[in-house]
Amino acid sequence: MFNGIISIRNKNGEEKVKIERPGGSLSPIWSICWNPSREERNDILAVADWGQKISFYQLSGKQIGKDRALNFDPCCISYFTKGEYILLGGSDKQVSLFTKDGVRLGTVGEQNSWVWTCQVKPDSNYVVVGCQDGTISFYQLIFSTVHGLYKDRYAYRDSMTDVIVQHLITEQKVRIKCKELVKKIAIYRNRLAIQLPEKILIYELYSEDSSDMHYRVKEKIIKKFECNLLVVCANHIILCQEKRLQCLSFSGVKEREWQMESLIRYIKVIGGPPGREGLLVGLKNGQILKIFVDNLFAIILLKQATAVRCLDMSASRKKLAVVDENDTCLVYDIDTKELLFQEPNANSVAWNTQCEDMLCFSGGGYLNIKASTFPVHRQKLQGFVVGYNGSKIFCLHVFSISAVEVPQSAPMYQYLDRKLFKEAYQIACLGVTDTDWRELAMEALEGLDFETAKKAFIRVQDLRYLELISSIEERKKRGETNNDLFLADVFSYQGKFHEAAKLYKRSGHENLALEMYTDLCMFEYAKDFLGSGDPKETKMLITKQADWARNIKEPKAAVEMYISAGEHVKAIEICGDHGWVDMLIDIARKLDKAEREPLLLCATYLKKLDSPGYAAETYLKMGDLKSLVQLHVETQRWDEAFALGEKHPEFKDDIYVPYAQWLAENDRFEEAQKAFHKAGRQREAVQVLEQLTNNAVAESRFNDAAYYYWMLSMQCLDIAQADPAQKDMMLGKFHHFQRLAELYHGYHAIHRHTEDPFSVHRPETLFNISRFLLHSLPKDTPLGISKVKILFTLAKQSKALGAYRLARHAYDKLRGLYIPARFQKSIELGTLTIRAKPFHDSEELVPLCYRCSTNNPLLNNLGNVCINCRQPFIFSASSYDVLHLVEFYLEEGITDEEAISLIDLEVPRPKQDNRQQEIANSSSQILRLVETKDSMGDEDPFTAKLSFEQGGSEFVPVVVSRLVLRSMSRRDVLIKRWPPPLRWQYFRSLLPDASITMCPSCFQMFHSEDYELLVLQHGCCPYCRRCKDDPGP
């Protein structure tokens, strides 16, 4: 409004925002306009008032930036379609162009009267202006490209007031805001010059790093300059003004000036030391000069008839490329001024900075690459070439520059066609594919340029060819000069075998051709190079052919060839591997008996192929009787072995000792004893069985160890029965082996529980086994049994079942033992967690003595006996529960047969009493049940006496009389019927309803259900491995 107030309202006319200008009525608002750009974050309102200022506000009423002074009264304001520029007209009789931030860029057009309106055609650069005098003017705005390039850095103007520097390799960009119209840009190495309307800014990089993109102001030249072109050097700026060049220092002092004959069309810095850089200048009259900034005199390089449009000099400064006004690219030799070649349709040209003989030029929508004097390689590309570095070409298209990766394959192949391998390698280094590298390597190798070939093969990492080149170089050092031989090796590596063979023959090395064809299994060609009937070469060729037949799965043909070549061992190996018994025995029969190695190999294979008769024939042919005996023993042909032993007594031990071992392993102990006796080794049967037992323990096969110890005990019992002189010693061994068998049988479950990932036993079973072992282990722990595993299992299962006190005791015991690393963490954790449990054991786990009904502690210092009556506990051999059995003894004078007959009677008991009588002497204490005439009613005389509390610390066995035996039921009595010289053992079941089964072979006790299940699972007794179908003893 005229009072300096801006009111922003909604579509209903309600005021939402009110903006008051500082000048009030002295700054009447004459024109406002919203920025149409959709890229701005906020809506921006441009306000022009007659306080001669322009300002910007957000929709909220907040001012953006400061007011901009205009120096005239604005009458109209208008945005471009995208909001990047503003048009402003008024009392100054002209239309001015501003940036969107209010920075004045220049005058669009001057009029004869005030400008009252100006508008931009949508999506274009056309401007229409209306004036007070009624005139309408129409303008087209052209925004020229302002930019500069040096190698891989490109600087260009953006938004008219900003400069963006782009690294063409890394694609990094940095924006430099100048806040004024950028008129000229020049860039060189670490320098950047920007010309503004009233000054020139000189920037430099922070560091010498090639990838650094941080610029800072080095100098400012506060002076207005008018020039056509601007060039910057290390310490100077160069201004081009029509025909004149001026050299200024960074402080703005003019140091030199050059006056040219014609208009300057092109100028470029070509490098040099700081302060002494060289400039390449092209004139309209076709003259090309070189100027040094520290030299007042220009050097004329050459003069041509047409005007210069573009110039570039090669990396070595020896060649000059010129694009003239006729779009022709001309290349000159600078030293001789000679025109080397020219190419049409060019608008810009650039030499490759890494290769002297390569340049590229653009024109007509194509990119042209020329190497040396070869034909041009052309591909489609829009724009102007401004740089060429290695395999990258920098191309300017419209307002953007891009780096185009151009493969150098075409020029490389041009050099290869002329056998210029070193030049081709230089081109390849600029950038070619792996296939091109390999082609270069192969061509150089065939051209015997080993140095270039080696470099190329290193690029593709082909070790095979590198080894070939290395070997050739070594041979050359040793004085070899035959290039045909070298080339033959190359051809053989490349697979050109026939060409290689011809070269081998030409160079007088036919043996190499023979060897090559033989290695390739091309035997038909190899025969052409055989010498005049040389048997060694013929044998070698046949052997090689046989090897080939063997490798291609033609074994029979290979055997025949090996035999014809005299390679019997290889023929025998093939026959043996394929199981050809007939061919083996044929070879063995044809061989001389002096050829021991092939005959021995034949016999070995025949034995392996289950042909002992043929093997024996071969051993007899060799006269190797010891191997023949060993064959009979290994194949268990005992009759032939015995017959041979009769003829040759020196082999007696070699026959009968293995025979006895075989008998022992097959449970034929009596025959084994006879065999050992015949061999002169009477006790070897037991010793062999002991060795088997030790092996089982060493291999942690504790179930087998238990079985072998049980077999040993029974063998000792048989010897004690047969030989009274050894009775006491053998009985001692019998009891010792029986105890070991029980220990190893139980420990097998503990070992498997700690080693296997899962267990087949219930926690209660593992708990009972570990308790049984802990109470049964002697002071010297048997070999292979680990106290750590027993205590660890006991602790773990005790904790799981609620026996916390026992678990704590087990963990405490473990602290005094060496613990393997794999148990360490579990035991330490268990030791800590058990402290949180109550210090007592579950009453359900406490074992009961079935004789005196006393609850025994889980940890019994006396072992597996009752703490009250000292009665030994009888354990199940599977679950290791305490069985409800009490062992009793027969009264003196009662034989086993009489006891069995009394028990089998099952006569009803008369009503009479039995009284106990305790008889003590120095060696034993006996509890005797005697008959009395007092009536006791119907109470069982056996069970009635078991409740008696023992007062002494010695065990008092239960001794029964004939009357007690008659009162027993046969189904309640279990009898271990040991063979002489042992006595039978009698056990009474106190819970008749709970069935117990005793194995008739090993006399181990089981719960009947457990025994039946185990026999069904294993088909035999789990302890002595007696099959269920075998008759009992």
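Just so it is clear, the model here is predicted, and its values are computed rather than measured.

Visitor: It is not clear to me how the overall build of the protein should be interpreted in this structure. Could you clarify?
Guide: Along its length, the protein carries 30 helices and 48 strands. Across the 1033 residues that make up the protein, the buried fraction comes to 49%. For the protein, the share of sequence-separated contacts (at least 6 apart) that also reach a separation of at least 24 residues comes to 43%. Taken as a whole, the protein presents about 52200 Å² of accessible surface, with 49% of it coming from carbon and sulfur.

Visitor: Would you mind going over the sheet that holds strand β10 (residues 104–110) with me for this structure?
Guide: In sheet architecture, strand pairing relies on hydrogen bonds along the backbone and comes in two forms, parallel and antiparallel. In space, the four strands of this open sheet follow the order β7-β8-β9-β10, with antiparallel pairing throughout. Single-partner strands in this sheet number two, and they are β7 (74–79) and β10. Mean inter-strand twist for the sheet, computed between neighbouring axes without regard to direction, equals 25°. In the sheet, strand β8 (residues 85–90) pairs with strand β9 (residues 94–99) via five bridges, with the strands oriented antiparallel. Along β9, the bridge assignment pairs Tyr-85 with Thr-99.

Visitor: Would you mind showing me how to read the pairing of strand β16 (residues 162–167) here?
Guide: Walk down a regular strand and you will see the side chains alternate between the two sheet faces. Where burial is concerned, most of β16 is hidden: six out of the six residues are buried. The alternating pattern of β16 places Asp-162, Ile-164 and Gln-166 and Val-163, Val-165 and His-167 on opposite faces, both of which are buried. Two elements, strand β15 (residues 153–158) and β16, share six bridges in a ladder whose sense is antiparallel. Residue pairing across strands places Arg-157 opposite Val-163, the latter belonging to β16. Counted between consecutive antiparallel strands, the loop separating β16 from strand β17 (residues 173–177) contains five residues, among which Glu-171 sits at a positive phi close to 65°.

Visitor: Help me understand the packing of helix α1 (residues 409–417) against helix α3 (residues 434–446) in this model?
Guide: When two helices pack together, their arrangement is given by the angle between the helix axes and by the axis-to-axis distance. Two numbers describe how α1 lies on α3: the axes approach to 11 Å, and their chain directions differ by 10°. Classed by the angle they form, the pair α1 and α3 counts as roughly parallel. Contacts between α1 and α3 involve Ser-409, Met-412, Tyr-413 and Leu-416 on the former and, on the latter, Asp-436, Glu-439, Leu-440 and Glu-443. A class-by-class count of the residues in the contact of α1 with α3 yields four nonpolar, one polar and three charged.

Visitor: Looking at this structure, I do not really get the confidence of the model for the protein. What am I missing?
Guide: Keep in mind that low pLDDT regions are not for reading the predicted coordinates in detail. Per-residue confidence for the protein gives a mean pLDDT of 79; residues scoring 70 or more make up 77%. For the protein, the element scoring lowest by mean pLDDT is strand β42 (residues 913–920), at 45; strand β12 (residues 126–131) scores highest, at 93.

Visitor: Would you explain the sheet that holds strand β4 (residues 44–49) in this entry?
Guide: Judged by pairing direction, the sheet is antiparallel, and its four strands sit side by side in the order β3-β4-β5-β6 without closing on themselves. Both outer strands of the open sheet, β3 (29–34) and β6 (63–69), are each paired with one neighbouring strand and no more. The average angle at which neighbouring strand axes cross in this sheet is 15°, direction not considered.

Visitor: I would appreciate a short explanation of helix α27 (residues 896–905) in the present structure.
Guide: All of the buried residues in α27 are Asp-896, Ala-899, Ile-900, Leu-902 and Ile-903. Taken down its axis, α27 places every buried residue within 165° of arc, on the same side. Contacts made by the buried residues of α27 are with β41 (885–890), α29 (962–967), β45 (973–976) and β46 (985–989).

Visitor: Looking at this structure, I do not really get the packing of aromatic side chains. What am I missing?
Guide: What characterises a pair of aromatic rings is the spacing of the ring centres plus the angle enclosed by the ring planes. Counted by the stated rule, this structure contains 25 aromatic pairs. Consider the rings of Tyr-126 and Phe-138, whose centres lie 5.5 Å apart with planes at 5°: the pair is stacked. Note that Tyr-126 is positioned in strand β12 and Phe-138 in strand β13 (residues 136–140), a separation of 12 residues in sequence. The class for Tyr-126 is partly exposed, based on a relative accessible area of 30%. When the centroid spacing of 5.4 Å and the interplanar angle of 25° are considered together, the rings of Tyr-154 and Tyr-156 count as stacked. Among the residues examined, Tyr-154 registers a relative accessible area of 1% and is labelled buried. Tyr-156 sits in the buried class, given a relative accessible area of 13%. An aromatic cluster is built from Phe-702, Tyr-709, Phe-737, Tyr-744 and Tyr-747, whose rings are joined through pairwise contacts. Over the ring of Tyr-366 we find Arg-378, and its NZ or CZ is 5.2 Å from the ring centre. Its end group placed over the ring of Tyr-465, Arg-464 keeps NZ or CZ at 5.3 Å from the ring centre.

Visitor: Help me understand a nonpolar patch on the surface in this model?
Guide: There is a patch of nonpolar side chains on the surface, built from Phe-2, Trp-30 and Trp-116 and spanning about 330 Å² of accessible area. Mapped onto the fold, Phe-2 is located in the segment before β1 (5–9).

Visitor: What is the right way to read the pairing of β12 from this model?
Guide: Direction of pairing for strand β11 (residues 115–120) relative to β12: antiparallel, over a ladder of five bridges. The residue bridging Val-115 from the neighbouring strand is Cys-131, located in β12. Linking β11 back to β12 in an antiparallel pair, the connection comprises five residues, with Asp-123 at a positive phi of about 55°. Note: β12 against β13, five bridges, orientation antiparallel. Across the sheet, residue Val-127 finds its bridge partner in β13, namely Tyr-139.

Visitor: What am I meant to see in unusual backbone geometry here?
Guide: Peptide bonds are mostly trans, and most non-glycine residues show a negative phi. Between Pro-980 and the following residue, Pro-981, the backbone shows a cis peptide bond with an omega angle of 5°. With respect to the secondary-structure elements, Pro-981 resides in the loop between β45 and β46. Positive phi values are uncommon outside glycine, yet Lys-337 reaches one of about 60°. Checked against the element boundaries, Lys-337 lands in the loop between β32 (329–333) and β33 (339–343). In this model, Tyr-880 sits at a positive phi of 60°, which is unusual for a non-glycine residue. On the accessibility criterion, Tyr-880 (6% relative accessible area) is buried.

Visitor: Help me out: how do you make sense of the side chain of Glu-343 in this one?
Guide: Relative to the elements of secondary structure, Glu-343 occurs in strand β33. Of note is the side chain of Glu-343, whose polar atom sits 3.4 Å from the side chain of Lys-370. With residues near it in sequence (within four places) discarded, Glu-343 still touches Asp-327, Thr-328, Cys-329, Phe-361, Lys-370 and Val-376.

Visitor: Looking at this structure, how should I read the nonpolar core?
Guide: The nonpolar side chains of soluble globular proteins are, as a tendency, buried together. The biggest cluster of nonpolar side chains holds 62 residues, and the ones touching the most others in it are Trp-710, Tyr-744, Leu-773, Leu-885, Met-1005 and Cys-1021. Counting only elements with at least two residues in this core, the list comes to α20 (684–698), α21 (702–722), α22 (727–755), α23 (763–776), β47 (996–998), β48 (1005–1007) and α30 (1008–1018). At 14 residues, the largest contribution of residues to this core is made by α21. Those residues in contact with Tyr-744 that lie beyond four places of it in its chain are Val-697, Phe-702, Ala-705, Ala-706, Tyr-709, Pro-782, Leu-783 and Ile-785. Core analysis: the next-biggest nonpolar cluster, separate from the first, contains 49 residues, Ala-155, Tyr-215, Val-232 and Leu-283 among them.

Visitor: Please explain the side chain of Asn-368 as it appears in this structure.
Guide: By the element assignment, Asn-368 lies in strand β36 (residues 366–371). Apart from the residues lying within four places of it in its own chain, the contact partners of Asn-368 are Asn-345, Leu-359, Cys-360, Phe-361, Ser-362, Val-376, His-377 and Arg-378.

Visitor: Just to check I follow, could you spell out the packing of α1 against helix α2 (residues 421–428) for this structure?
Guide: The geometry of α1 relative to α2 is characterised by a closest axis approach of 8 Å and an angle of 170° between their N-to-C directions. Considering the angle they form, α1 stands roughly antiparallel to α2. On α2, the residues that touch Pro-411, Met-412, Tyr-415 and Leu-416 of α1 are Phe-421, Glu-423, Ala-424, Ile-427 and Ala-428. Of the residues assigned to the contact of α1 with α2, the class counts are eight nonpolar, no polar and one charged.

Visitor: Got a minute to help me understand the pattern of salt bridges in this structure?
Guide: When the charged atoms of two side chains lie near each other, side chains of opposite charge can form a pair. In the structure shown here, the tally under the stated rule is 37 salt bridges. Where Lys-370 meets Glu-343, a salt bridge forms, and the shortest distance between an N and an O atom there is 3.4 Å. Taken together, the residues span a long stretch of sequence, with Lys-370 in strand β36 and Glu-343 in strand β33 at a distance of 27 residues. The salt bridge involving Asp-896 is made with Arg-983; its shortest N-O contact spans 3.7 Å. With Asp-896 in helix α27 and Arg-983 in the loop between β45 and β46, the pair connects residues that are 87 residues apart, well separated along the chain.

Visitor: When you look at the state of the cysteines in this model, what are you seeing that I'm missing?
Guide: Here a disulfide denotes a covalent bond joining the sulfur atom of one cysteine to the sulfur atom of another. Per the counting criterion, the structure on display carries zero disulfides. Of all cysteine sulfurs in the structure, the one in Cys-227 sits closest to Cys-240, which takes part in no disulfide; the separation is 7.8 Å. Free cysteine: Cys-1002, not disulfide-bonded; nearest cysteine sulfur from Cys-999 at 3.6 Å. In this structure Cys-1002 comes out as buried when scored by relative accessible area, which is 2%.

What counts, and at which threshold
- Residues numbered from 1 in each chain as written.
- Predicted model: local features only at pLDDT ≥ 70, side-chain atom pairs only at ≥ 80, totals over all residues.
- Heavy atoms only, no water.
- Helix = DSSP H or I, 4+ residues; strand = E, 2+ residues; numbered from the N terminus.
- Buried < 20%, exposed > 50% of the residue type's maximum accessible area, 1.4 Å probe, protein only.
- Contact = heavy atoms within 4.5 Å.
- Areas by Shrake-Rupley, 256 points an atom, 1.4 Å probe, with all protein chains shown as cover.
- Pairing = 2+ DSSP bridges.
- Axes fitted to C-alpha atoms, helices over the stretch in contact; angles between N-to-C directions.
- Parallel < 35°, antiparallel > 145°, perpendicular 65-115°, else oblique.
- Nonpolar A, V, L, I, M, F, W, Y, C, P; charged D, E, K, R; others polar.
- pLDDT = per-residue confidence, 0-100.
- Arc of directions from axis to C-beta.
- Phe/Tyr/Trp six-rings, centres within 6.5 Å; stacked < 30°, edge-to-face > 60°.
- Lys NZ or Arg CZ within 6 Å of the ring centre and 35° of its normal.
- Patch = residues over 30% accessible without salt bridge, like charges linked within 9 Å, V, L, I, M, F, W, Y side chains within 5 Å.
- Salt bridge = Lys/Arg side-chain N within 4 Å of Asp/Glu carboxyl O.
- Polar contact = N/O pair within 3.5 Å; in protein donor to acceptor, adjacent residues only side chain to side chain.
- Core = buried A, V, L, I, M, F, W, Y, C linked by side-chain atoms within 4.5 Å.
- Disulfide = S-S within 2.5 Å.

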